[in-house]
Amino acid sequence: MTHREIAPEQAIDFNNENANNSANPTFESVLGARLSRRGLLRGSVGTVGTAMLAGFGVSACGGGSDGPEVETPIVPQLLGFTAVGKSLADSVIVPAGYTASVLYALGDPVLPGTSAYRNDGTDTDFDKRAGDHHDGMEWFGLGADGQRNDNATERGLLAINHEATTDEKLSSFFIHANGGASTLPRPAVEVDKEVALHGIAVIEVTKTAGGWGYAPNSARNFRLTPLSPMELSGPARGNAQLVTKYAPTGTTTRGTLNNCGTGKTPWGTFLTGEENWFGYFTRGAADDAARGDKSVVSLKRYGRNQGAASRHGWETGGLEDQYQRWNISKTGASVDGSDDYRNEMNGMGYIVEIDAYDKTRLAKKRTGLGRFAHESAAFGKVVAGQPLTVYMGDDSRGEYIYKFVSSAVWSAADANAADRLAVGDKYLDSGTLYVAQFSADGSGKWVELSVSNPAIAGYAGFAFTSAADIAIHTRLAADAVGATKMDRPEWNAVNPANGEIYFTLTNNSNRSIDPASGQYLPDAANPRAYTDMKGASKQNGNPNGHLVRLKDTGAGFQWDVYLFGAEAGADKGLVNLSALTDDQDFSSPDGLVFSKATGICWIQTDDGAYTDVTNCMMLAAVPGSVGDGGKKTLNHTKADGSILAVDTYVGKAATPSTLKRFLVGPKGSEITGLAETPDGKAIFVNIQHPGEGTAMANISDPAKYQSQWPANAGYGSGKRPRSATIVITKNDGGKVGT
Ligand code: FEO
Ligand code: CA
Ligand code: CA
C-alpha cells in the first residue's frame, strides 16, 4: 500500500504506522563487539554456484529448522533476459521476449452471474466482484478432475489478497461516481462498497490455446470480506479479551482486513496476513478512563490512542451493528464487553488460514502466530519428525522479526490430508513464538515469548498472565525482551537452495544519526541513516530500504545484508553499499518471493523515494548465501562533526547476471505478490493502486488521472485506473527469468 515516507508528518500513510515508542533500544550499546566467526563463513564460499551447492548440502542433512525441505537441488540459472530500464511510462514493461497480459482487475465478476464491471462509479455488489489493491497471492493447482493437484500447470486457483483502497480524504474515490463523501457521516451505500473491496478472493484460472484467463463463472470462486464469519483458533480462542456483542464466547469474529503478504502451508492451504487493521477503528476521546484497565496500554502500543479517528469513518454508516463495530470505545455497561465492541480490534491482526479448495469451510485466525502488522508467513525446512517453523515480520517503523515453532512434529501424511484445516489446528494452534535479537557481530538470538520467560512475567510495562496475552499483545511481549527494532519488516521468503530466510526492510524515516524523540541510531543490521533528495525534498533516515537474510541455527542465527536499495549514483561508502548499477538500482523493497521452479528471488518495490526517476518495479536475483561478502564500516558524520562508525555485513556484490530489473509498473502503482505455475513457465504478479496521487477534484476528467492503466492496455471499460493481476510468460515457452 501507498508510501509517503518523504514527509510522514504531512501525509497520511496507512502503510507506515509508527507505534513503537518503547524504550527498547537498538543494539548501538553493543556496537564494537566483534567475533572472528565471520571469517569462517567467508572462507566457506567460493563462486555463487558452489555457494548454492554448499548450502543445499547443509539443508539436505535435515535436522532442525535451518531451512526448507528440498527434494531436488535448486541451482538457479543465471538471469538470461535483457534488463528493463527505469521508466515513468504509464504501462507495464517486461523484457524483450516476454508477454504480460491483464488477467483480473478491480471490479471484475468473481461470483457466477455478476455483470461486467462498468468502471464509472456506478457498480455495486463488490462482495461478488474483485476487491481492490491486489496484494499477496498463492497458486493452488487443480487436476482435470477439479481436485487439488500439486503438479498441475495449466489449471489452478489463485488466492489473492485485496488489501485496501485508493483514497483521498475518507472515501475510496475511484469506486464512487462523484468520488464519494469526504466528510462524516459517511453514506451507508458508500461504506458497504468500501468494506466489500477488502478481504481476499479465490478465482479459477486456466491456460488455453489463446493464453491464460480466469473463469468468472467457476463455482470454485469465492470472496471473503471484513463481514465474513471466521473462527478464532489457538491460544487466544475464547479468551475474555475477545468477547464482543457479536461474539459473546470470544471464539469467532467477523472478517479479515488489510490483507497484505501471504503464505502457503505444506498441507495446501492459504495463509493471509492482516496488516494495517488498526487504522480502521475509532476510539472515543475519554476512552482511557472509561476502560481503566491494561487494555489501554495495548491500544496505545497498537496505534489507537483515545480520540483516534478511523481511516474511512465506516462507524458512521449507521446504527446497525456492522457499522458500530468499527467504534472500539467502551460504550456498554457490561463487565465482560458483550454489549459493545471495546474488544473488536483484538479480533484483527493475525495470520488467517483459508482452504482455497473449499469455500464452505470457515477461515481460521491462527492467534498462536501473534498479533501485529502481519506481512507474509514463510515456512522453513519441512522435515518428518521435526517441528515446523514459520517466519514473519511486523511492518511498522521500528518493529520486529518473529519465528513460530510448532509443538507438533511433522508427519508427512499430513501433506495430503482430506481435512486441511484440521492439519492447521495441529501445527499452528500450539507452539512457541520467538522474536529476533540481532547482534553486532553478525549473529543473533531467537528470544522466547512466553509467560515462562522471566523478562515477560516480570515486565513492568504490561501484566502478562497467559498465552492468550502473548498472542494478543505480541508487540508488548517483544518489547519486554529487548527485540531489535528493524527498518519496517515487509515480506520474508525462504531460499529453496539453502534454506536461508530473506526479509525486505522497506525503509525507515526514524533511523537517524542525531536521533530526535522517537528516532533511534543506526545499528549493524540497520546501518544506514542518510539524506536522499527527491527534487527539492529531503528524505531522511533509510529512505531506500534493504534486505537482510538469516541462516537459522535453531536457538539463533547468522545474518548479513543481502542488498541495500539505493540510486546507482549514490555514495558507495554510505548509501549504495551494494554497488547497484543502472540496471539494478531500486528503492523500498517490499514483496519477496523465491521461485521453487527456478530458484530466482523476485524482489518487488513499493516506493515513494525514487519515483521522481522511475515507477515501482520487480527485479530478479540469484543470491548467494549468508557471509559471502564482508564487513563494511559506515562512518556517519554527526551534527557536531564527530564520527559515528557503524560496522555491518554486506553480501557479495551482485553481477549483471545475478541481479537485474525485470519489470516496471504503471504510474502510481506498487508491484506486489507473485505466484507461479509449478513448471515456472507462468508467473502471476499484482499491480496495486495505479493512479495513486490523483486528486478527487479530477474524478470526472480522465485526462487528469495519474494513470489510465489497464484501460490504456486495452483491458475493460472506463478509464479509471484499477489494481490488477497480470500473467507473464516467455514467448518461447521457457521458464520465466532464466
Ligand atoms: Fe501491505 Fe507493508 O505492505
Ligand atoms: Ca533521490
Ligand atoms: Ca507490502
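Residues numbered from 1 in each chain as written. Chains lettered and ligands numbered in written order. Predicted model: local features only at pLDDT ≥ 70, side-chain atom pairs only at ≥ 80, totals over all residues. Heavy atoms only, no water.

Caption draft 1: Examining the overall build of the protein more closely. Along its length, the protein carries ten helices and 32 strands. Each principal axis of the C-alpha distribution contributes one length, and for the protein these read about 65 × 65 × 60 Å. Pairs at least 24 apart in sequence give 68% of the contacts found in the protein among residues at least 6 apart. Accessible area for the protein stands at about 23,200 Å²; split by element, carbon and sulfur atoms hold 53% of it. The averaged location of the 81 negative side-chain charges in the protein is 2 Å from the averaged location of its 68 positive side-chain charges. (Helix = DSSP H or I, 4+ residues; strand = E, 2+ residues; numbered from the N terminus. Contact = heavy atoms within 4.5 Å. Areas by Shrake-Rupley, 256 points an atom, 1.4 Å probe, with all protein chains shown as cover. Lys, Arg positive; Asp, Glu negative; His and termini not counted. Charge placed at Lys NZ, Arg CZ, Asp CG, Glu CD.)

Caption draft 2: Local environment of the coordination of the calcium ion (ligand 2). On the protein side, the calcium ion (ligand 2) has Asp532 (OD), Asp532 (OD), Met533 (O) and Glu567 (OE) as donor atoms, found 2.2 to 2.8 Å from it. The sequence pattern describing where the donors of the calcium ion (ligand 2) fall on their chain is D-M-x33-E. Placement of the pair is Met533 in strand 20 (residues 530-534) and Glu567 in the loop between strand 23 (556-564) and strand 24 (589-594), with a sequence separation of 34 residues. Residue Met533 is classed as partly exposed on the basis of its relative accessible area of 38%. (Donors = N, O, S within 2.8 Å, 3.2 Å for Na, K, Ca; no water. Buried < 20%, exposed > 50% of the residue type's maximum accessible area, 1.4 Å probe, protein only.)

Caption draft 3: Structural detail: the coordination of the calcium ion (ligand 3). The calcium ion (ligand 3) binds to the protein through Cys260 (SG), Glu490 (OE), Asp590 (OD) and Asp590 (OD), with metal-donor distances spanning 2.4 to 3.1 Å. Here the donor residues of the calcium ion (ligand 3) are spaced in sequence according to C-x229-E-x99-D. With Cys260 in strand 9 (residues 259-264) and Glu490 in strand 18 (residues 489-494), this pair connects stretches of sequence that are 230 residues apart. Exposure remark for Cys260: the relative accessible area of 2% places this residue in the buried category. On the basis of relative accessible area, Glu490 is assigned to the buried category, the value being 0%.

Caption draft 4: Representation of the side chain of Ser172 within the structure. By secondary structure assignment, the location of Ser172 is in the loop between strand 3 (155-162) and helix 3 (188-196). Sequence-distant contacts of Ser172, that is, excluding residues within four places in its chain, are made with Thr165, Thr166, Asp167, Glu194 and His312.

Caption draft 5: A look at the nonpolar core. By size, the foremost hydrophobic cluster in this structure holds 45 residues, and its most contacted members are Trp602, Ile603, Met618, Phe662, Leu663, Ile683 and Ile728. For this core, the element with the highest residue contribution is strand 26 (residues 617-621), accounting for five residues. When residues no more than four places from it in sequence are discounted, the contact partners of Ile728 are Val94, Tyr98, Thr99, Ala100, Phe662, Leu663, Lys681, Ala682, Ile683, Val685 and Val736. Within the second largest apolar cluster, 34 residues are counted, among which are Leu271, Leu369, Val390 and Trp410. (Core = buried A, V, L, I, M, F, W, Y, C linked by side-chain atoms within 4.5 Å.)

Caption draft 6: Region of the structure containing the packing of aromatic side chains. Using the criterion set out here, one finds 31 aromatic pairs in the structure. Each ring, one from Phe174 and one from Tyr705, has its centre 5.6 Å from the other, and the planes form 75°; the classification is edge-to-face. Here Phe174 is found in the loop between strand 3 and helix 3, whereas its partner Tyr705 is found in the loop between strand 31 (682-688) and strand 32 (724-730), with 531 residues between them in sequence. When sorted by exposure, Phe174 lands in the same class as Tyr705, which is buried. Here the aromatic rings of Tyr502 and Phe594 are separated by 5.1 Å at their centres, their planes lie at 70°, and the arrangement is edge-to-face. One end of the pair, Tyr502, is in strand 19 (residues 501-505); the other, Phe594, is in strand 24, with 92 residues separating them in the sequence. Each member of the pair Tyr502 and Phe594 is classed as buried. Positioned above the aromatic ring of Tyr246 is the side chain of Arg254, whose terminal nitrogen or guanidinium carbon lies 4.2 Å from the ring centre. Note that Arg371 overlies the ring of Tyr302, its terminal NZ or CZ placed 4.6 Å from the centroid. (Phe/Tyr/Trp six-rings, centres within 6.5 Å; stacked < 30°, edge-to-face > 60°. Lys NZ or Arg CZ within 6 Å of the ring centre and 35° of its normal.)

Caption draft 7: Local environment of helix 7 (residues 420-428). Of all the positions in helix 7, only Arg420, Leu421, Val423, Gly424, Tyr427 and Leu428 are classed as buried. Down the axis of helix 7, the smallest arc covering the buried residues is 145°, so these residues share one side. In this structure, the buried residues of helix 7 make contact with strand 10 (270-274), strand 11 (351-354), strand 12 (363-366), strand 13 (374-379), strand 14 (387-394) and strand 15 (401-409). (Arc of directions from axis to C-beta.)

Caption draft 8: Fine view of the side chain of Asn161. Relative to the helices and strands, Asn161 is located in strand 3. There is a polar contact of 2.6 Å between the side chain of Asn161 and the backbone oxygen of Cys260. (Polar contact = N/O pair within 3.5 Å; in protein donor to acceptor, adjacent residues only side chain to side chain.)

Caption draft 9: Highlighting the sheet that holds strand 29 (residues 659-664). Taken in spatial order, the four strands make up an open sheet running 24-25-26-29, and their pairing is antiparallel. Each end of this open sheet is capped by a strand with a single partner; those strands are strand 24 and strand 29. Recorded for the sheet is a direction-independent mean angle of 25° between the axes of neighbouring strands. As paired elements, strand 24 and strand 25 (residues 601-605) share four bridges and run antiparallel to each other. If you follow Val593 over to strand 25, its bridge partner there is Trp602. (Pairing = 2+ DSSP bridges. Axes fitted to C-alpha atoms, helices over the stretch in contact; angles between N-to-C directions.)

Caption draft 10: View of empty space enclosed by the protein. Within this structure, the stated rule accounts for two cavities of 30 Å³ or more. The computed volume of the largest cavity comes to approximately 60 Å³. Taken together, Leu106, Asp132, Thr166, Ser172, Phe174, Ile175, His689, Pro690, Pro721, Arg722 and Ser723 form the lining of the largest cavity. Taken together, the residues of the lining of the largest cavity break down into five nonpolar, four polar and two charged. (1 Å grid on protein atoms, 1.4 Å probe; cavity = no way out; pocket = protein on both sides within 12 Å on 5 of 7 lines; lining within 4 Å. Points joined across faces, edges and corners; volume = space filled by probe spheres on them. Nonpolar A, V, L, I, M, F, W, Y, C, P; charged D, E, K, R; others polar.)

Caption draft 11: Region of interest: the sheet that holds strand 30 (residues 670-676). Here we have four strands laid out as an open sheet, ordered 1-32-31-30, and antiparallel in their pairing. In this open sheet, the two edge strands, each paired with only one partner strand, are strand 1 (98-105) and strand 30. Pairwise comparison of adjacent strand axes, ignoring direction, gives a mean angle of 25° for this sheet. The sheet contact formed by strand 30 and strand 31 spans six bridges and is antiparallel. Bridging from a neighbouring strand, Glu670 pairs with Gln688 of strand 31.

Caption draft 12: Molecular detail of the pattern of salt bridges. Per the counting criterion, the structure on display carries 41 salt bridges. Salt-bridge contacts for Asp321 lead to Arg254; the nearest nitrogen and oxygen are separated by 3.1 Å. Here the residue Asp321 occupies a position in helix 6 (residues 321-324), and Arg254 occupies one in strand 8 (residues 252-254), the gap between them amounting to 67 residues. When the shortest N-O distance is used, the salt bridge between Lys294 and Asp469 registers 2.8 Å. With Lys294 in the loop between helix 4 (287-291) and helix 5 (295-301) and Asp469 in helix 9 (residues 467-472), this residue pair connects regions lying 175 residues apart in the sequence. Using a relative accessible area of 1% as the deciding quantity, one classes Asp469 as buried. The structure contains a network of salt bridges with shared partners spanning Arg283, Asp287, Asp288, Arg291 and Lys300. (Salt bridge = Lys/Arg side-chain N within 4 Å of Asp/Glu carboxyl O.)

Caption draft 13: Local environment of the environment of Leu428. Mapping Leu428 onto the fold places it in helix 7. Taking C-alpha positions, Leu428 is 27 Å from Thr506, a pair spaced 78 residues apart along the chain. Once residues within four sequence positions are removed from consideration, Leu428 is found in contact with Trp267, Leu271, Glu353, Arg366, Gly368, Leu369, Phe379, Val390 and Phe404.

Caption draft 14: Quick peek at the confidence of the model for the protein. Overall, the prediction assigns the protein a mean pLDDT of 92, with 91% of residues at 70 or greater. With pLDDT under 50 throughout, residues 1-14 is counted as low confidence; its partners more than four residues away or in other chains account for 45 contacts. In this model, residues 25-70 is a region of pLDDT below 50 whose contacts with residues beyond four sequence positions or in other chains number 107 contacts. (pLDDT = per-residue confidence, 0-100.)

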